[in-house]
Amino acid sequence: MNEKVKAYFKNPRNLESMADATVKGTGGDPGCGDYIELYLKIEHDVILKASAMVAGCPYAIATTSVFTEMIAGKSLDDAMMISGDEVADFLDGLPETKIHCSLMGPEALRNAAHNYIMARICTPSMA
Ligand code: FES
């Protein structure tokens, strides 16, 4: 484990639930133990705040932590452009067997965006 991953694992950012989240999304598979819940506070389609709860290995904790930092302050559209590769690059690379850990954040964001859009369709006051 490199120093940057170690630092984020030992001192993760934004790994908590969010009581006032606008929307939640999930990634991974709770059946096999790798799973995240991503919470977003959104205003005018901009992510004001992001946090997550993680069940997974130290790499899942580090990559999810980084992902919440990377998407905060971005529009939903821009945040959805952030890939697992960018998260891995930020952390100076991940071992091949840990690449999937970095994919749960983007997957949960896609799920959250879907939930957000569906809620807007069904709740016109959110638009
Ligand atoms: Fe499966 Fe990291 S979450 S090995």
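Residues numbered from 1 in each chain as written. Predicted model: local features only at pLDDT ≥ 70, side-chain atom pairs only at ≥ 80, totals over all residues. Heavy atoms only, no water.

1. A word on the sheet that holds strand E3 (residues 46-55)
Reasoning step 1: Pairing within the open sheet is antiparallel, and its three strands lie in the order E1-E2-E3. The open sheet terminates on both sides in strands that have one partner only, identified here as strand E1 (23-29) and E3. Averaged over all pairs of adjacent strands, the angle between strand axes in this sheet comes to 20°, irrespective of strand direction.
Reasoning step 2: Bridge count between strand E2 (residues 34-43) and E3: nine bridges; the pairing is antiparallel. The partner of Tyr39 across the bridge, within E3, is Ser51.
Reasoning step 3: Of the strands in this sheet, E2 and E3 are in contact with helix H2 (residues 58-71), which crosses E3 at around 170°.
Reasoning step 4: The strands that helix H5 (residues 104-122) touches are E1, E2 and E3; relative to E1, the one it contacts most, it runs at about 140°. (Pairing = 2+ DSSP bridges. Helix = DSSP H or I, 4+ residues; strand = E, 2+ residues; numbered from the N terminus. Axes fitted to C-alpha atoms, helices over the stretch in contact; angles between N-to-C directions. Contact = heavy atoms within 4.5 Å.)

2. What to know about the pairing of E1
Reasoning step 1: Bridging between E1 and E2 involves seven bridges; their strand directions are antiparallel. Paired with Thr26 across the two strands is Glu37, which belongs to E2.
Reasoning step 2: Linking two consecutive strands that pair antiparallel, namely E1 and E2, is a turn of four residues; a positive phi of about 95° is found at Gly33 within it.

3. Overview of the packing of aromatic side chains
We describe a pair of aromatic rings using the distance from one ring centre to the other and the angle between the two ring planes.
Reasoning step 1: This model, assessed by the stated rule, comprises one aromatic pair.
Reasoning step 2: Taken together, a centroid distance of 6.0 Å and an interplanar angle of 80° make the contact between Tyr8 and Phe90 edge-to-face. Linking Tyr8 in helix H1 (residues 3-10) with Phe90 in helix H4 (residues 84-90), this pair joins segments that are 82 residues apart in sequence.
Reasoning step 3: For Phe90, a relative accessible area of 31% puts it in the partly exposed group.
Reasoning step 4: Of note, Lys4 hangs over the ring of Phe90, and the distance from its end group to the ring centre comes to 4.2 Å.
Reasoning step 5: Across from the ring centre of Tyr8, 4.0 Å away, lies the NZ or CZ of Arg13, which sits over that ring. (Phe/Tyr/Trp six-rings, centres within 6.5 Å; stacked < 30°, edge-to-face > 60°. Buried < 20%, exposed > 50% of the residue type's maximum accessible area, 1.4 Å probe, protein only. Lys NZ or Arg CZ within 6 Å of the ring centre and 35° of its normal.)

4. Brief notes about the pattern of salt bridges
Reasoning step 1: For the structure shown, the criterion picks out five salt bridges.
Reasoning step 2: With a closest N to O distance of 3.4 Å, Lys6 and Glu3 form a salt bridge. Of this pair, Lys6 and Glu3 both sit in helix H1, separated by three residues, roughly a single helical turn.
Reasoning step 3: Take Glu3: its relative accessible area is 57%, and that puts it in the exposed class. (Salt bridge = Lys/Arg side-chain N within 4 Å of Asp/Glu carboxyl O.)

5. Things to note about the side chain of Ser65
Reasoning step 1: When you line up the elements, Ser65 lands in helix H2.
Reasoning step 2: Since its relative accessible area comes to 0%, Ser65 is described here as buried.
Reasoning step 3: Once you skip the residues sitting within four places of it in the chain, Ser65 turns out to touch Tyr8, Pro12, Arg13 and Leu15.

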